[in-house]
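One-letter residues, chain by chain:
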Amino acid sequence: QWQKPRILAYEKYSQAVWGNCDEGGHFNLFVLLGRNFWTFASDNLASEADLVVFAHDKYALSDEDIKGLIKHLKAKRNILVLNPASNMSDKAQMLIHLNERLGTPVVSSDARQIAYTWEGYGSLIMFSANEEFINRAVLHPQQRPNDRQKTDLDYLLGRIKSNIH
């Protein structure tokens, strides 16, 4: 039995990022999430999760994927994109698909994120493009964090937790 909160870390098996231990992968963050939340990597967006996390927004999503995201948003749950493309034309794909089906969202932003919220739905939240959550930026799971690193990791976990509804 899965406990709550449940985080679905989205990845296509042909483009795996969460299990990737290379410098540009997200394995270190996946382990950090797994130590603090019930976390699983999958490409099944129809599954029940309290938060869907995308490592980036460069995936070509199918119509079924978009339907899964809409179902998730309709349950007033959020979608989080950690490393959005810095180019707006690249970044817009997921947002374009959601706008086509849900209409124009209310947009709110600060220095750390942009949130797109549709009335009666959850939000699509894109963290700032100048932050990195790849392995070279997140402490390796076998290293004990020093005080500064612990503060940084706690802050990151707090930001993720604040987006779980």
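Here the structure is shown first, and the text comes after it.
All of the points below concern the structure found in this document. (Residues numbered from 1 in each chain as written. Predicted model: local features only at pLDDT ≥ 70, side-chain atom pairs only at ≥ 80, totals over all residues. Heavy atoms only, no water.)

A few words on the overall build of the protein. Broken down by element type, the protein carries four helices and seven strands. Starting at the N terminus and walking to the C terminus, you meet the elements of the protein as β-α-β-β-α-β-α-β-β-β-α. Along the three orthogonal principal directions, the C-alpha set of the protein runs to about 45 × 40 × 30 Å. Looking at the 165 residues of the protein, the share that counts as buried comes to 48%. Relative to all contacts within the protein whose residues are 6 or more apart in sequence, the contacts with residues 24 or more apart total 68%. (Helix = DSSP H or I, 4+ residues; strand = E, 2+ residues; numbered from the N terminus. Buried < 20%, exposed > 50% of the residue type's maximum accessible area, 1.4 Å probe, protein only. Contact = heavy atoms within 4.5 Å.)

This part is about the side chain of Ser128. Within the secondary structure, Ser128 is located in the loop between strand E7 (123–127) and helix H4 (147–162). Excluding its chain neighbours within four sequence positions, the residues that come into contact with Ser128 are Leu82, Pro84, Ala111, Arg112 and Gln113.

Further remarks concern the sheet that holds strand E5 (residues 106–109). On the basis of which strands lie adjacent, the open sheet formed by seven strands has the order E2-E1-E3-E4-E7-E6-E5 and mixed pairing. The two strands at the open ends of the sheet, each matched to only one other strand, are strand E2 (38–42) and E5. Each strand axis lies, on average, 20 degrees off the axis of its neighbour in the sheet, ignoring direction. Pairing of strand E1 (residues 6–10) with E2 involves five bridges; the strand directions are parallel. By the bridge assignment, Arg6 is partnered in E2 with Trp38. Sheet strands touched by helix H1 (residues 27–36): E1, E2 and strand E4 (78–83). Its angle to E2, the strand with the most contacts, is close to 140 degrees. Sheet strands in contact with helix H2 (residues 63–74) are E1, strand E3 (51–56), E4 and E7, and its direction is about 120 degrees off that of E4. (Pairing = 2+ DSSP bridges. Axes fitted to C-alpha atoms, helices over the stretch in contact; angles between N-to-C directions.)

Applying the stated criterion to the full structure yields 10 salt bridges. Where Arg101 meets Asp63, a salt bridge forms, and the shortest distance between an N and an O atom there is 2.4 Å. Note that Arg101 is positioned in helix H3 (residues 88–102) and Asp63 in helix H2, a separation of 38 residues in sequence. A residue is classified by how much of its surface remains accessible, and Arg101, at 36% relative accessible area, is partly exposed. A salt bridge links Asp152 to Arg148, with the nearest nitrogen and oxygen atoms 2.8 Å apart. Linking Asp152 with Arg148, this pair stays in helix H4, spanning four residues, or about one helical turn. We classify Asp152 as partly exposed; its relative accessible area is 40%. Several salt bridges share partner residues, and in doing so they unite Asp63, Glu64, Lys67, Glu100 and Arg101 into one network. (Salt bridge = Lys/Arg side-chain N within 4 Å of Asp/Glu carboxyl O.)

So, on to H1. In an α-helix, one full turn covers 3.6 residues, which means residues spaced three or four apart are oriented alike. All of the buried residues in H1 are Asn28, Leu29, Val31, Leu32 and Leu33. Lining the buried residues of H1 we find E1, E2, E4 and H4.

So, about the nonpolar core. Burial of nonpolar side chains together is a common tendency in soluble globular proteins. Ranked by size, the top nonpolar core spans 47 residues in total, and within it Trp18, Phe54, Leu69, Met94, Leu98 and Leu124 carry the most contacts. The element best represented in this core is E3, accounting for five residues. What Leu124 contacts, discounting residues up to four positions off in sequence, is Leu73, Ile79, Val81, Met94, Leu95, Leu98, Ile114, Ala115, Tyr116 and Trp118. (Core = buried A, V, L, I, M, F, W, Y, C linked by side-chain atoms within 4.5 Å.)

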